[in-house]
Amino acid sequence: MTDGHLADMVRNALLHTFHLVTPKPRARRVDLYGRRMVVTGASPGSLGYEIARTLAGWGAAVVVTALDDPAALERTLRRRLSADGGDSDRVTARGLDLRDRRSVADFANWYADEYSELDVLVNNAGILLDPLGRWREPRLSPDGVEIHWRTNYLGTFQLTAALLPLLIESGRRSGDARVVNVSSHQHTRGRNARLFTPSGRYHSWDAYGQSKLALIHLASELQRRHGGDGFLRAVALHPGSVYTNMIARGIAATRGLGPLRRLAAPLAGLVLLNPGQGAQTAIHCATDADVRGGDYYERCAPARPSPDALDETAAARLWEQSQEWAAGRYTRSPLAPGEPTRPNPR
């Protein structure tokens, strides 16, 4: 572990401890009738579920995505909305696998055919498959890319790029379209140099941090390229340290640690936010009139990300290479996500 990573861990732990004992911020309720939104990764027990439930409860028409069994997710969310006194018809679920180019393209095409507007895209879906940091070799997606980078960043970039024309059109009509990227304070583990040059070593938390750093770059570069007219706002955020089903699944999938899942839930309430609390900053960024495009948010307020996340040159370079990847012109090394390796035969 480098001195920089140790300093980041200490800083994040101290901030988290402080936030545990201070009042938890809440997004201000906004009338969202007439607004149409997409929230990715909304399975029960997730941040996305709580984000979507609140947005639909405030009147938005929300499409949610799930990796598995979207029909079951739709039934569950609709029952919850009805129990809360809301309109259950305001939520629709659809399957989406961010690891799969075809799945992302099919979802974007389906959405564009089904609806003529998109006011807010909340890029929440993501994975953390090795919460204890045991992996020493990368796990790869079916197309040969490190799995956290492939899912959390490349799939999100492809989806955002595919839906961007609809977001821009809607923004011009309404004056307010948004892209909200759920990042993490773990982006401080990411380094711009590793976006473009092989590092020669692997740690799953570094890979996760790289993907979260890239999501901040995606938001800031979107803002620079498309936010100048004031119709589109793109932001990234840290939701807080939250115990979600993503963490629970990661523990359960780790050999020998499945029983910890039964112990983790009651302990999590003492040391971590619950998903409803963790959803507040994303809800704020999706709805509040005072949100500033290009900023990074924590606890429903602007915050300062890592120095690497503020590097506009790195963000622009990453954008260009991501466009090349999204167009299918090359694949990337699993250890250095920004490094072109071989022509894609497609």
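Check the entry above for the structure.
Residues numbered from 1 in each chain as written. Predicted model: local features only at pLDDT ≥ 70, side-chain atom pairs only at ≥ 80, totals over all residues. Heavy atoms only, no water.

Student: Any details on unusual backbone geometry? Residues and values, ideally.
Tutor: Residue Arg299 is not a glycine yet carries a positive backbone phi of 50°. Examined against the element boundaries, Arg299 turns out to sit in the loop between strand 7 (296–298) and strand 8 (301–303). Classification of Arg299 by relative accessible area gives partly exposed; the value is 28%. Unusually for a residue other than glycine, Cys300 sits at a positive phi of about 60°. Examined against the element boundaries, Cys300 turns out to sit in the loop between strand 7 and strand 8. Since its relative accessible area comes to 14%, Cys300 is described here as buried. (Helix = DSSP H or I, 4+ residues; strand = E, 2+ residues; numbered from the N terminus. Buried < 20%, exposed > 50% of the residue type's maximum accessible area, 1.4 Å probe, protein only.)

Student: Before we move on, could you go through helix 3 (residues 70–83) and cite the residues and values that matter?
Tutor: Over its 14 residues, helix 3 runs 20 Å from end to end, which matches the ideal 20 Å to within 8%, given 1.5 Å per residue. Tucked inside the fold, the buried residues of helix 3 contact helix 2 (47–57), strand 2 (61–66) and strand 3 (91–95). Gly85, located one to two residues past helix 3, shows a positive phi value of around 85°. (Expected span 1.5 Å × (residues − 1). Contact = heavy atoms within 4.5 Å.)

Student: Describe in detail the nonpolar core, supporting the description with residues and values.
Tutor: Phe107, Tyr111, Trp149, Tyr153 and Leu163 are the most contacted members of the largest nonpolar core, which has 44 residues in total. When contributions to this core are tallied by element, the ones reaching two or more residues are helix 4 (101–114), helix 5 (147–174), strand 5 (177–182), helix 6 (192–196), helix 7 (204–226), strand 6 (232–238) and helix 12 (312–326). Top contributing element to this core by residue count: helix 5, with 10 residues. Apart from the residues within four sequence positions on either side, Tyr153 is in contact with His148, Ser211, Ala214, Leu215, Leu218, Leu318 and Ser322. Of all hydrophobic cores here, the second largest spans 34 residues; its members include Ala52, Val180, Ala279 and Cys285. (Core = buried A, V, L, I, M, F, W, Y, C linked by side-chain atoms within 4.5 Å.)

Student: Residues and numbers for helix 12, please.
Tutor: Compared with the 21 Å implied by 1.5 Å per residue over 15 residues, the 21 Å span of helix 12 between its first and last C-alpha is a close match. Those residues of helix 12 not exposed but buried are Ala314, Ala315, Leu318, Trp319, Gln321, Ser322 and Trp325. The backbone nitrogen of Thr313 has a side-chain oxygen 3.0 Å away, supplied by the residue at the start of helix 12, namely Asp311. Residue Gly328 follows helix 12 closely and has a positive phi angle near 80°. (Polar contact = N/O pair within 3.5 Å; in protein donor to acceptor, adjacent residues only side chain to side chain.)

Student: Provide a residue-level description of the pairing of strand 6, including the pertinent values.
Tutor: For strand 6, the tally of buried residues reaches seven of seven residues, placing the bulk of the element in the interior. Relative to strand 7, strand 6 runs parallel, the two sharing three bridges. Residue pairing for strand 7: His238 is matched across the bridge by Glu298. (Pairing = 2+ DSSP bridges.)

Student: Break down the pattern of salt bridges for me, citing the residues and quoting the values.
Tutor: Pairs may arise between side chains of opposite charge once their charged atoms sit close together. Taken as a whole, this structure holds 23 salt bridges when the rule is applied. Between Glu117 and Arg173 there is a salt bridge, and its shortest N-O distance comes to 3.8 Å. Placement of the pair is Glu117 in the loop between helix 4 and strand 4 (120–123) and Arg173 in helix 5, with a sequence separation of 56 residues. Relative accessible area serves as the criterion here: at 29%, Glu117 is assigned to the partly exposed category. Judged by relative accessible area, which is 49%, Arg173 ranks as partly exposed. Two residues, Glu312 and Arg224, come together in a salt bridge whose shortest N-O distance is 3.8 Å. Separated by 88 residues along the polypeptide, Glu312 in helix 12 and Arg224 in helix 7 bring together distant segments of the chain. Among the ionic contacts, a cluster of salt bridges with common partners joins Arg35, Asp119, Asp176, Arg178 and Arg233. (Salt bridge = Lys/Arg side-chain N within 4 Å of Asp/Glu carboxyl O.)

Student: Hey, could you go over the sheet that holds strand 3 for me, with residue numbers and the actual values?
Tutor: The strands that make up a sheet pair up through hydrogen bonds in the backbone, lying either parallel or antiparallel. Taken in spatial order, the eight strands line up as 3-2-1-4-5-6-7-8 in an open sheet, and their pairing is mixed. Among the strands making up the open sheet, the edge pair consists of strand 3 and strand 8. Sheet twist, expressed as the mean angle between neighbouring strand axes with direction ignored, is 25°. For strand 7 and strand 8, the ladder comprises three bridges, and the chain directions are antiparallel. Looking at the pairing, Glu298 lines up with Ala301 of strand 8. Along the sheet, helix 2 makes contact with strand 1 (36–39), strand 2, strand 4 and strand 5, crossing strand 1 at roughly 170°. (Axes fitted to C-alpha atoms, helices over the stretch in contact; angles between N-to-C directions.)

Everything listed here is a matter of coordinates, which is why it stays silent on function.
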